Amino acid sequence: MSPLIGPANFNFFGFFPAAILSIVIPVIGVGLFAYIMARRIAPLIRAAPDNRFDNIVERIKNVFFIWFAQIRQPRYMTAGVLHIVIFAGFLVLSIRSISLVFIGISQDFVFPGFGGLLGDIYNIFKDYAATAVLVACIVAAVRRGIVRPERYAVPAKYGTDHTAEAVFVLGVISTLMISESLFEATELAAEMHHTGHAEFIAPLSLVWFFRGMVMEFSHGTLQGLHIVMYYIHDLAFFFFLCFLPLGKHFHVITSLFNVFFMRVKNGSIKPVKHGISDEGLDDLESFGVKKLEDFTWKHMLDFYSCADCGRCSDQCPANAVGRPLSPRFITIKARDLIFKNYPLSGEIYKSEMLVGGIYTEDEIWSCTTCGACEEECPLGIEYIDKMVDMRRGMVDEGMVPQSLQKPLKALEKRGNPYGIMEKKRADWASEKEFKQECQVTVLEKGTEADTLFFVDSITSFDDNIKTIAQNTSKILTRAGVNFGILGKMEKDSGSEVLRFGEEMLFQDLKSHNTAAIKDSGVKEIVTADPHAYNVLKNDYKDLPRVRHVSQVIAEKIKKGLISLKPALDPDAVYVYHDPCYLGRHNGIYEDPREALDAIEGLRRVELEKSRDRSFCCGGGGLMLFYEPEEETRMGVLRVNMAAEAGATVIVTACPFCLVNIQDAIKVAGKEGEMVAMDFTQLIEQHLA
C-alpha cells in the first residue's frame, strides 16, 4: 500500500490539480483580508493625532507581560485560564497553519530549522496545543452558551448580546484544530499501513486519538479524508482571517498593537490635542470630542480591540450602583458606529454628534474617573481620556449639569468651588486651640521653607475636613519637616476641573499655582489629598518633587523620626480603603498600610476589593457636587464591604473619600457600629 498523496500533488477526478485550489484560496483570502483591513484602517487615518511612540522599552515590556504572558487574564480565573490556553495554542499552531498553506503548493515544504529534532519537538507541542485548544473551546462554548455569566449579558437598550458570534468563532477554531489533527492522523495511519512502522505521536493528543480511529480505514478513504481535511482547514483558516475584522473578534488582530500603544503613565490626562501647546489652546476652534473622528487613532484602535468580556463594566462602580454608564458599551457603541459609518463598500457616512446620538449626557457625567475599568482590561483599552475628551466637547457646547454650574463659577471667581474669599483659605491654621499646639508658616515675602504643604480646597474650607490639614501639620512638625503653606496665594489644584472638562479654567488654575509654588522657593511638595497629589505630579509641569503625606510618614517611621504609641483602642478592627487617585493612579498601596501596622496592637483587616481593585467612594471628577441618577450610593456599597470584612473603623487617606464614607455610614444605618476617619487623624492620635 502506497503513502498518501498530498494536496500539492493530488488531482481531483484524475485530471484537475488540487495545487491550483491551494493557490486560489490563499490569493482570494489574502486579497479579501487586505481589502477589509484597508477599509478598517480608514477611520484611524481620519482620526485625531496621538503621540504613542515614546517610552519604547516600557511598551515592549507591556507587550511581553500583558499581551504575551497574559498576566491580567487570571484576575477572572476560569475565563482567564481558558483564554490563556486558546491564546497559547494559537501562537504554537500559527506556525503549523501557515506551513500548511505552503504544503498545499509544495509537498515537502518545511519551515527552515524545523526539519530535524526541533521539528519533532515542535510537533509534540503542536499536537498537545491543538488538543488543549479544542477542550478549552468546548468548555468556553458551554460557559457562553449555557452557563452565561452575568457580565456577558447585554441590556435590551443596547441590543442583542454576542453569544452567537462567540460560540460560532469557537466552532471555527475547533474546526481548525480537528481538521489539522485529522489531516496528520490520516497520513500517519497510511504510513503505518505502508511501512508497518508506527511513528511516535504525543500520547492522548487529538492526533493520537484520531489515528486510532482511522487505522482500519481503507487507503482510498484515508486519501479522501486527508485531502478533505486539508481544504477544510485551508478554507476555515482564511475564512477566519477575513471574519475577524467584522466583529468583536477583531481583537485577535489588533490586541498586540493596542497593548503596545497603551498608556504607560497613569494619572495624567491627555492634552486637548496632541501637538498643540497650552499657549496654543486659544487658537483652537473646537475643544474635545464631539464627533467620531475627534477621537485619536489610538482610541479608535481601542474600539476595535474590545473583546466584549465585560470585565470593565463588572468592576465599574458607576455601573454597580445603577448609574447610566457601562464602560463596555462606551466602546461597543462606538465600534458599531465605526462599522456603520465606514462600511466595507460604498461611501463613508457623515458623523453626527456623539452625545445626543449614541451617548447620553448622564452616561458621560456618571464616570468618577476612578480607573477601575482600565486596570482590569487585558487589552489596554483606555476610558478616562475618552470620557474627559467628551466632557470637554460638552462643556464647549454649553452642556453643563445644573448642579455643577455654581461650583464652576465659584472656581473661576474665587479659586475654590465653595465661593469663599481667598483670604480665608488659611483660617484653619489660625484657630486658637490649634495655633497653641502648632505654628504653620505662610510662605509670603520674607519667609522660606524646604517643603510646601499644598492643602487644596476641600481641606482648606470644609469645616469637617480641615482637621486633615491640622493633623498633617502636627505630624510634619513632629517629624521635623520644615514646611509652609501658600495661604491665600493657593488656588484649587484643578484636578476635578480638568477631569470635568473645563480645560481653560484648569489652565488658569495651573498657571497661577505653578507661579506661586516656584516663587515660594520650596524644594518639595507634600499634600494629604490624593487628587491634588495626582494632578500636581502628573498634570502640572516642572514642579519640585510631589509626595503624599502617607509616603512621608512611612519614611519617617522607618528612620525613627516618628514614634507611635500602642493602639488606643485595641478592640477596634480597622480597614484601610485605597483611594483611587493614591492607589490605582499612582501605585501607592503599601506606605499607608506600613504606617498603620507600625501602631502596636492595631487590628487590621483587608477588604475583598482592595489595592488595584479598590472600589471608588464616588467622589472623583467633581462628583461631590454632581447629583447622579443611581440606585444606591457607591459609598454605601463600600461601607457594606467593610462590614462584611468585620471592620469597625474605615481608614482612608483622601478627604473626598472621608466625606462620602462618613455620609454612607449614616445612609447605611451603621452609626454606632462603624466610624470613618482619615489616615492622618489616626496617626496624629498615636504620636508618641
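Everything that follows concerns the structure shown earlier in this document.
Within any chain, residue numbers begin from 1 and follow the written order of that chain's sequence. Owing to the predicted nature of the model, reporting of local features is limited to residues with pLDDT of at least 70; listing and counting of side-chain atom pairs is limited to 80 or more, with chain, interface and lining totals taken over all residues. As a convention, hydrogens and water are excluded, and side-chain values are obtained from all of the structure's heavy atoms.

Undergrad: Quick one: what's the story with the packing of aromatic side chains, residue by residue and with numbers?
TA: Pairing of aromatic side chains requires ring centres within 6.5 Å, counting the rings of Phe and Tyr and the six-membered ring of Trp. Pairs whose planes differ by under 30 degrees are stacked, by over 60 edge-to-face, and all others tilted. If you walk through the whole model with that rule in mind, you get 32 aromatic pairs. The interplanar angle of 15 degrees and the centroid separation of 4.1 Å between the aromatic rings of Tyr-158 and Phe-329 together place this pair among those described as stacked. Taken as a pair, Tyr-158 in the loop between α4 (117-147) and α5 (163-195) and Phe-329 in helix α12 (residues 327-341) lie far apart in primary sequence, 171 residues in all. Each of the two residues, Tyr-158 as well as Phe-329, counts as buried. By definition, any uninterrupted DSSP run of H or I lasting at least four residues is a helix, any uninterrupted run of E lasting at least two residues is a strand, and each is numbered from the N terminus. Burial classes: relative accessible area under 20% of the type maximum marks a residue as buried, over 50% as exposed, and values in between as partly exposed (1.4 Å probe, protein chains only).

Undergrad: Summarise a negative patch on the surface; cite the residues concerned and give the values.
TA: Exposure above 30% relative accessible area and the lack of any salt bridge qualify a residue for a patch; like charges then connect within 9 Å, and the nonpolar side chains Val, Leu, Ile, Met, Phe, Trp and Tyr within 5 Å. Calculation of accessible area relied on Shrake-Rupley with a 1.4 Å probe; when residues are assessed, cover is drawn exclusively from the protein chains displayed. The salt bridge definition used is simple: a Lys or Arg side-chain nitrogen within 4 Å of an Asp or Glu carboxyl oxygen. Two residue types count as positive, namely Lys and Arg, and two as negative, namely Asp and Glu; His and chain ends fall outside the count. Charge coordinates come from a single atom per side chain, which is NZ of Lys, CZ of Arg, CG of Asp or CD of Glu. On the surface, Glu-361, Asp-362, Glu-629 and Glu-631 cluster together to form a negatively charged patch. In this fold, Glu-361 is placed in helix α13 (residues 361-365).

Undergrad: How would you summarise α12 if you had to cite specific residues and measurements?
TA: Expected span, for any helix, means 1.5 Å times one less than how many residues it has. The terminal C-alpha atoms of α12 lie 21 Å apart, and with 15 residues this matches the ideal 21 Å at 1.5 Å per residue to within 8%. Among the 15 residues of α12, 13 are classified as buried, and the element is accordingly described as predominantly covered.

Undergrad: Give a detailed account of helix α1 (residues 18-46), specifying residues and quantitative values.
TA: For α1, built from 29 residues, the straight-helix expectation of 42 Å at 1.5 Å per residue is met to within 8% by its first-to-last C-alpha distance of 43 Å. A residue's bend is the angle separating two fitted axes: one through the seven residues that end there, the other through the seven that start there. Along α1, the largest kink reaches about 25 degrees and is centred on Arg-40; proline Pro-43 follows within four residues of it.

Undergrad: Break down the pattern of salt bridges for me, citing the residues and quoting the values.
TA: Two side chains with opposite charge may pair up if their charged atoms get near one another. If you walk through the whole model with that rule in mind, you get 42 salt bridges. Asp-50 is paired through a salt bridge with Arg-52; the nearest N and O atoms lie 3.2 Å apart. The exposure classification of Asp-50 matches that of Arg-52, with both residues buried. Through salt bridges with shared partners, a single ionic network connects Asp-578, Glu-590, Arg-593, Asp-597, Arg-604, Glu-606 and Arg-611.

Undergrad: I'd like to hear about empty space enclosed by the protein, residue by residue, with values.
TA: Cavities and pockets were defined on a 1 Å grid built from protein atoms only: a cavity is a group of points that admits a 1.4 Å probe but offers it no way out, a pocket is an open group of points flanked by protein on both sides within 12 Å along at least five of seven lines, and a lining residue is one with an atom within 4 Å of any such point. Grid points are joined across faces, edges and corners, and a volume is the space filled by probe spheres set on the points. Within this structure, the stated rule accounts for 6 cavities of 30 Å³ or more. If you add up the space inside the largest cavity, you get close to 150 Å³. Pro-417, Ser-457, Asp-492, Glu-496 and Phe-656 are, among the 18 residues lining the largest cavity, the residues nearest its centre. All amino acids are sorted into three groups, where Ala, Val, Leu, Ile, Met, Phe, Trp, Tyr, Cys and Pro are nonpolar, Asp, Glu, Lys and Arg are charged, and the leftover types, Gly among them, are polar. Taken together, the residues of the lining of the largest cavity break down into 9 nonpolar, 5 polar and 4 charged. Roughly 110 Å³ of volume is contained in the second largest cavity. Those elements that place two or more of their residues in the lining of the second largest cavity are α11 (317-320), α14 (372-376) and α15 (384-396). Within the lining of the second largest cavity, the residues separate by chemical class into 12 nonpolar, 3 polar and no charged.

Undergrad: Tell me what's going on with the pairing of strand β10 (residues 649-652), and back it up with residues and numbers.
TA: Of the two faces of β10, both are covered, the one formed by Val-649 and Val-651 as well as the one formed by Ile-650 and Thr-652. Criterion used throughout: strands pair if DSSP finds at least two bridges between them. Taken together, the 4 bridges between strand β8 (residues 573-577) and β10 define a ladder with parallel strand orientation. What sits directly across from Val-575, in β10, is Ile-650. Pairing between β10 and strand β11 (residues 675-678): 4 bridges, direction parallel. The partner of Val-649 across the bridge, within β11, is Val-675. Once you follow β10 into helix α26 (residues 655-667) and on to β11, the crossover reads as right-handed. Convention used here: a crossover is right-handed provided that the path from the first strand, over the helix, to the second strand proceeds clockwise when the strands point away from the viewer.

Undergrad: An account of the sheet that holds strand β9 (residues 603-605) is requested, with residue identities and associated values reported.
TA: Either a parallel or an antiparallel arrangement is found when strands of a sheet pair, and the pairing is made through backbone hydrogen bonds. Spatially, the 4 strands line up as an open sheet ordered β9-β8-β10-β11, and their pairing is parallel. Of all the strands in the sheet, just β9 and β11 have a single pairing partner and so form its edges. Across the sheet, the mean angle separating the axes of adjacent strands is 35 degrees when strand polarity is ignored. With 3 bridges connecting them, β8 and β9 associate as parallel partners. Along β9, the bridge assignment pairs Val-573 with Arg-603. The axes used here are C-alpha line fits, helices contributing only the stretch in contact, and every angle between their N-to-C directions lies in the interval 0 to 180 degrees.

Undergrad: Explain the sheet that holds strand β5 (residues 483-485) to me, using residue names and the numbers behind them.
TA: Read from one edge of the open sheet, 5 strands run β3-β5-β4-β6-β7, paired in parallel fashion. Two strands in the sheet have a free side with no partner beyond their single neighbour: β3 (441-442) and β7 (545-548). In terms of strand pairing, β3 meets β5 through 2 bridges, oriented parallel. Counterpart to Val-442 in the pairing with β5 is Ile-485. Residue contacts are counted whenever heavy atoms from the two residues lie within 4.5 Å of one another. Helix α23 (residues 549-558) contacts β6 (524-527) and β7 of the sheet and is inclined by roughly 80 degrees relative to β7.

Undergrad: Break down unusual backbone geometry for me, with residues and values.
TA: One non-glycine residue, Asn-55, lies in positive phi territory at about 45 degrees. Of note in this structure, Asp-542 is not a glycine but carries a positive phi near 60 degrees. Tracing the backbone through its elements, the reader meets Asp-542 in the loop between α22 (530-538) and β7. Overall, Asp-542 belongs to the exposed group, its relative accessible area being 66%.

Undergrad: Outline the layout of surface pockets, supporting the account with residue identities and numerical values.
TA: What the largest pocket holds in volume is close to 1300 Å³. Taken together, 44 residues make up the lining of the largest pocket; nearest its centre are His-83, Ile-86, Phe-90, His-251 and Val-252. No other element matches helix α3 (residues 77-103), which puts 11 residues into the lining of the largest pocket. Of the residues that constitute the lining of the largest pocket, the class distribution is 30 nonpolar, 8 polar and 6 charged. Put simply, the second largest pocket is a space of about 880 Å³. Counting only elements with at least two residues in the lining of the second largest pocket, the list comes to α3, α4 and α5. If you tally residues by element for the lining of the second largest pocket, the top one is α4, at 7 residues. Class assignment for the residues of the lining of the second largest pocket results in 14 nonpolar, 7 polar and 9 charged.

Undergrad: Run through the nonpolar core, naming residues and quoting values.
TA: In this structure, Met-177, Trp-428, Ile-517, Leu-536, Val-651 and Ile-683 are the most contacted members of the largest nonpolar core, which totals 203 residues. The element best represented in this core is α5, accounting for 12 residues. Setting aside residues up to four positions removed in sequence, Met-177 forms contacts with Leu-93, Ala-130, Val-133, Leu-134 and Leu-206. For the purposes of this section, nonpolar cores are sets of buried Ala, Val, Leu, Ile, Met, Phe, Trp, Tyr and Cys residues that join through side-chain atoms within 4.5 Å.

Undergrad: Could you give an account of the state of the cysteines, with specific residues and numbers?
TA: Only a pair of cysteine sulfur atoms within 2.5 Å qualifies as a disulfide here. A full pass over the atoms with the stated rule returns 0 disulfides. There is no disulfide at Cys-373, and the cysteine sulfur nearest it, in Cys-370, is 6.3 Å away. Since its relative accessible area comes to 10%, Cys-373 is described here as buried. You can see Cys-377 has no disulfide; the closest cysteine sulfur is in Cys-309, sitting 6.3 Å from it.

Undergrad: So what about a nonpolar patch on the surface? Which residues, and what values?
TA: On the surface, Phe-13, Phe-15, Phe-16, Ile-20, Leu-21, Val-24 and Ile-28 cluster together into a nonpolar patch covering about 720 Å² of accessible area. For the nonpolar patch, the leading source of residues is α1, giving 4 residues. In this fold, Val-24 is placed in helix α1.

Undergrad: Requested: an account of the environment of Ala-19, with residues and values cited.
TA: The residue Ala-19 is located in helix α1 in this model. In this structure the C-alpha to C-alpha distance between Ala-19 and Glu-216, which are 197 residues apart in sequence, comes to 28 Å. In this structure Ala-19 touches Pro-7, Ala-8, Gly-104 and Tyr-231, once residues within four positions along its chain are discounted.

Note that all results are geometric; they support no functional claim without further evidence.
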